[in-house]
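Structural overview for review
Spelled out from the first residue to the last, the chains are:
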Amino acid sequence: MILSSVGRGGEGDVGQRIRDEILVIQRNNNCKGGIMEQWHQKLHNNTSPDDVVICQALMDYLNCDLDISVYWKTMNDNGITKERLLSYDRAIRSEPDFRRDQKDGLLRDLRNYMRTLKGVHSGADLESAISNCMGYKSEGKGFMVGVKINPISGLPSGFPELLHFVLEHVEDKNVEALLEGLLETRAELSPLISKSNNRLKDLLFLDIALDSTVWTAIERGYEELNSAKPEKIMYFITLVLETLALSWDDNEDLIYCLKGWNEALSMSKSGDNLWALYAKSVLDRTRLALAGKAESYHHLLQPSAEYLGSQLGVELWAVNIFTEEIIRAGSAASLSSLLNRLDPVLRETANLGSWQVISPVEAIGYVVVVDELLAVQNKSYEKPTILVAKSVKGEEEIPDGAVAVLTPDMPDVLSYVSVRARNSKVCFATCFDSNIWADLQASEGKLLQIKPTSADIVYSTLKVGDLTNASSTSLKEDDSLPSLTLVRKQFGGRYAISSDEFTSEMVGAKSRNIAYLKGKVPSWVGIPTSVALPFGVFEKVLSDGLNQGVAENLHILKKKLGEGDVSALGEIRKAVLELAAPSQLVEELKNRMQSSGMPWPGDEGQQRWEQAWLAIKKVWASKWNERAYFSTRKVKLDHEYLCMAVLVQEIINADYAFVIHTTNPSSGDSSEICAEVVKGLGETLVGAYPGRALSFICKKNDLNSPQVLGYPSKPIGLFIRRSIIFRSDSNGEDLEGYAGAGLYDSVPMDEEEKVVLDYSSDQLIKDADFRRSLLSSIAGAGNAIEELYGSPQDIEGVVRDGKIYVVQTRPQM
């Protein structure tokens, strides 16, 4: 990035040539006074990129029959004014005033001189970069005869021919062959750049020049794409992705995006009717990769820009867009533009519409535009508010007073915020149309009425007087929140219990539901073995003499919290992690786990038990995470009465994880199962991980015909060794009328490994028969569990070697 924004610089004789050659031009063409002498004096003092512009302006002036207005147009178009010329240490005061008989000689010599100027100042100038790598010696009358640049040794065979092809086609209107040539050249160059070389700088500038030519060629080819088929745009996307992969380090995600586009192209050519749906998922993932890279550069560069900007008195607007402009000056901007061209085409082909409606609720409210839902999740709006939020990750609360959340972001339809929206009867939808999105942002402060269907949203502006009449009914409903209470649980005398001892006095619904399923679901559905640390164990451990100091500290911190200091929440969580384990707890948990056939962490050494104990404490500490605390306060639940049991299960090292809703949550259709599937562990699905899962629906009367609604775009999968997970199981998670699920943490004993996913080789994507079979099995498990309970269920599970395991179920809210 730095090299692409600075010149190659004078080196050896090159800098001196600038000063010497201007003298030769003056002598050859008998133009020793006026502008040429003033320019020579300026060059003798210092040379800058302005000199490239001055040289070009002089050539344009000569070419246009000595028209002085053409000279000034070239100068002004490139930011050089009369004032700027006067500001040089050695000012240029004169305009060109040549004779017609000087024209041919001056044009010839200035063209040669331009090569030298660009060689110094335009590192990314293609011709100059190529000649520096391939070597040259200057010829020509009076021109530094004998100056020689040697070619770089060790260049690949056939490389000069590639460079010759690029130069020959660099101005072609039809850019496809040029782009292929540029990419082939960069691919050949790539290994040389990663090795030490005494001419590395020249090689880097050649690569930058080739990259720069790629995106100028792409921009030149836009016109050709106006009437092109989607396959052509997709092909152009693969070319730009490849050049980006050659420019960026840490490019694994980009390479898998590239493989995804090639797969989408081959699906399209083979007539696969799901090609557009698949291409859309690759497009979403590519956008995520671009956004992630832009964010990382922003963190890297912007603090320095802000510091230097403040010290140098640079205007704030220029400082604010500094990193953005750096990023936009490369192929990433071309790629973004191509994706924006293709997106509406894919949406139309795949019948996706402009919206994904996650919670279809009619709403009327005043539009408030925010950057992040996270920043306002604890705010309370006095007037009914439609939040137009640029960023929604999936784990946020919906603020009081919000009647709708509209976003261009794509949280999973089964993410925490999606579930909260449906339970709170708040309209929640993702907008895919940039024009509609711009219109919504421009509606800030207006009163809008929103009417969703299962696939679209119709909105219209209302007059303020219309609010009372149109929304009186819904406002009355909102006033009557269900009355919720928590019953404080007591320690039952046991530190650990097995699944046949799970009762409502001992554990929450999560543990009881999983125990209830054992032996009742079809034999092809696996249920993991479970034990639990029941209600009251945390309080019992805290009261143990071992933990007197922690108990006293917690008492002070809770008092601080009660006085309204929410910063105490983080301190409380830290304090909980300091608890020591009573020996009786360790002994009972060991016995229960071993007698249930689960591995005991302590068998692998004391350090493994310490890892397990830390995970248990993290689950207890999550009672005081910000989201959970504010959520219980919002519905006036007594936070002190919230008790946390811990469900202990062996982790099944999943190939895939899924969440099932046995009534379609987007449409409310009870004849339809809706599910989402991710590669690896389910945390990427229920946590705020970017990208979308594979989503599908399935009719209960036809479980063998699942219908894919969207392919996955999540770039990251989580995988883990054989391990234990400790799941939160509080008495505040499954209260009727309150969605507490997902508020508290489930913590694996071992850290998951993050893997960048390659969907192009994934059986779920590639093999239609395998996909149909697996999705049918997932839907079948959901249907069987719903029949067992007699009510809609929200189910989490995993797939290992083709076998379905259900790890928890709860009533669908």
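Residues numbered from 1 in each chain as written. Predicted model: local features only at pLDDT ≥ 70, side-chain atom pairs only at ≥ 80, totals over all residues. Heavy atoms only, no water.

**Comments concerning the overall build of the protein chain**
If you tally the helices and strands in the protein chain, you get 31 helices and 23 strands. Each of the three principal axes of the protein chain carries a C-alpha extent, and together these read 105 × 70 × 60 Å. Looking at the protein chain as a whole, 51% of its 813 residues qualify as buried. The contacts of the protein chain with a sequence gap of at least 6 include a subset with a gap of at least 24, amounting to 68%. For the protein chain, the exposed surface amounts to about 36500 Å²; the carbon and sulfur share of it is 50%. Looking at the protein chain, you have 87 positive and 112 negative side-chain charges, and the mean spots of the two groups are 1 Å apart. (Helix = DSSP H or I, 4+ residues; strand = E, 2+ residues; numbered from the N terminus. Buried < 20%, exposed > 50% of the residue type's maximum accessible area, 1.4 Å probe, protein only. Contact = heavy atoms within 4.5 Å. Areas by Shrake-Rupley, 256 points an atom, 1.4 Å probe, with all protein chains shown as cover. Lys, Arg positive; Asp, Glu negative; His and termini not counted. Charge placed at Lys NZ, Arg CZ, Asp CG, Glu CD.)

**Side note on the nonpolar core**
Of all hydrophobic cores here, the largest spans 98 residues; its most connected members are Leu206, Ile237, Trp261, Leu338, Val677, Phe696 and Ile778. Residue contributions to this core peak at 10 residues, all from helix H14 (residues 275-312). Not counting the four nearest positions on each side in its chain, isoleucine 237 is found in contact with Trp261, Leu335, Leu338, Leu339 and Leu342. Of all hydrophobic cores here, the second largest spans 48 residues; its members include Tyr416, Val576, Leu585 and Trp620. (Core = buried A, V, L, I, M, F, W, Y, C linked by side-chain atoms within 4.5 Å.)

**What to know about the sheet that holds strand S20 (residues 747-748)**
One open sheet holds the 5 strands; their spatial order is S10-S12-S13-S19-S20, and the pairing between them is antiparallel. Only two strands of the sheet have a single neighbouring strand rather than two, namely strand S10 (497-498) and S20. Here 2 bridges tie S10 to strand S12 (residues 530-533), and the two strands are oriented antiparallel to one another. Across the sheet, serine 498 pairs through a bridge with valine 531, a residue of S12. Across the sheet, helix H22 (residues 509-517) touches S12, strand S13 (644-651) and strand S19 (723-730), and the angle it forms with S19 is around 120°. Lying over the sheet, helix H26 (residues 583-595) contacts S10, S12, S13 and S19, oriented at roughly 165° with respect to S12. (Pairing = 2+ DSSP bridges. Axes fitted to C-alpha atoms, helices over the stretch in contact; angles between N-to-C directions.)

**Comments concerning the pairing of strand S8 (residues 447-452)**
The element S8 is largely enclosed, with a buried count of 5 among its 6 residues. Sheet analysis places strand S4 (residues 363-372) next to S8, joined by 4 bridges and oriented antiparallel. The residue of S8 that forms the bridge with tyrosine 366 is leucine 447. Pairing between S8 and strand S9 (residues 457-462): 6 bridges, direction antiparallel. Paired with glutamine 449 across the two strands is serine 460, which belongs to S9.

**Some remarks on the environment of leucine 589**
Mapped onto the elements of the fold, leucine 589 is located in helix H26. Given a relative accessible area of 1%, leucine 589 falls into the buried group. Apart from residues lying up to four places away in sequence, leucine 589 is in contact with Ala496, Val531, Leu533, Trp600, Trp609 and Ile616.

**Here we look at the side chain of serine 666**
One can find serine 666 in the loop between strand S14 (656-661) and strand S15 (672-679). On the basis of relative accessibility, which here comes to 14%, the residue serine 666 falls in the buried class. A polar contact is formed between the side chain of serine 666 and the backbone oxygen of valine 357, at a distance of 3.5 Å. (Polar contact = N/O pair within 3.5 Å; in protein donor to acceptor, adjacent residues only side chain to side chain.)

**A short note on the sheet that holds strand S5 (residues 380-391)**
The 7 strands lie next to each other as S3-S7-S6-S5-S4-S8-S9, forming an open sheet whose pairing is mixed. Strands at the two margins of the open sheet, each flanked by one partner only, are strand S3 (355-359) and S9. Adjacent strand axes in the sheet meet at a mean angle of 35°, parallel and antiparallel pairs treated alike. Relative to strand S7 (residues 427-431), S3 runs antiparallel, the two sharing 4 bridges.

**A closer look at empty space enclosed by the protein**
In this structure the tally under the stated criterion is 4 cavities of 30 Å³ or more. Size it by volume and the largest cavity reaches roughly 90 Å³. Lining the largest cavity we find Tyr256, Cys257, Gly260, Tyr278, Ser281, Val282, Arg285, Pro712, Asp758, Tyr759 and Ser760. If you list the elements that add at least two residues to the lining of the largest cavity, you get helix H13 (252-269) and H14. Element by element, the count of residues in the lining of the largest cavity is highest for H14, at 4 residues. The residue inventory of the lining of the largest cavity, partitioned by class, reads 6 nonpolar, 3 polar and 2 charged. (1 Å grid on protein atoms, 1.4 Å probe; cavity = no way out; pocket = protein on both sides within 12 Å on 5 of 7 lines; lining within 4 Å. Points joined across faces, edges and corners; volume = space filled by probe spheres on them. Nonpolar A, V, L, I, M, F, W, Y, C, P; charged D, E, K, R; others polar.)

**Observations concerning the packing of aromatic side chains**
Throughout the structure, instances matching the rule amount to 13 aromatic pairs. Residues tryptophan 613 and tryptophan 620 carry aromatic rings whose centres are separated by 5.7 Å and whose planes lie at 85° to one another, so their mutual orientation is edge-to-face. An identical accessibility class is assigned to tryptophan 613 and tryptophan 620; each is buried. Taking the centre distance of 5.8 Å and the plane angle of 70° together, the rings of tyrosine 629 and phenylalanine 630 count as edge-to-face. On the accessibility criterion, phenylalanine 630 (16% relative accessible area) is buried. Members of the aromatic cluster, connected to one another through ring pairs, are Phe538, Trp600, Trp609, Trp613, Trp620 and Trp624. If you follow lysine 383 out to its NZ or CZ, it ends over the ring of tyrosine 366, 4.2 Å from the centre. The cationic tip of lysine 803 hangs over the ring face of tyrosine 805; the distance from NZ or CZ to the ring centre is 5.7 Å. (Phe/Tyr/Trp six-rings, centres within 6.5 Å; stacked < 30°, edge-to-face > 60°. Lys NZ or Arg CZ within 6 Å of the ring centre and 35° of its normal.)

**Describing unusual backbone geometry**
With a phi close to 60°, leucine 66 is a non-glycine residue in the positive phi region. Residue position: leucine 66 is located in the loop between helix H3 (50-63) and helix H4 (68-77). Here aspartate 801, not a glycine, exhibits a phi torsion of approximately 50°, which is positive. Take aspartate 801: it is sitting in the loop between strand S22 (793-800) and strand S23 (803-811).

Honestly, it's all geometry; don't read function into it.
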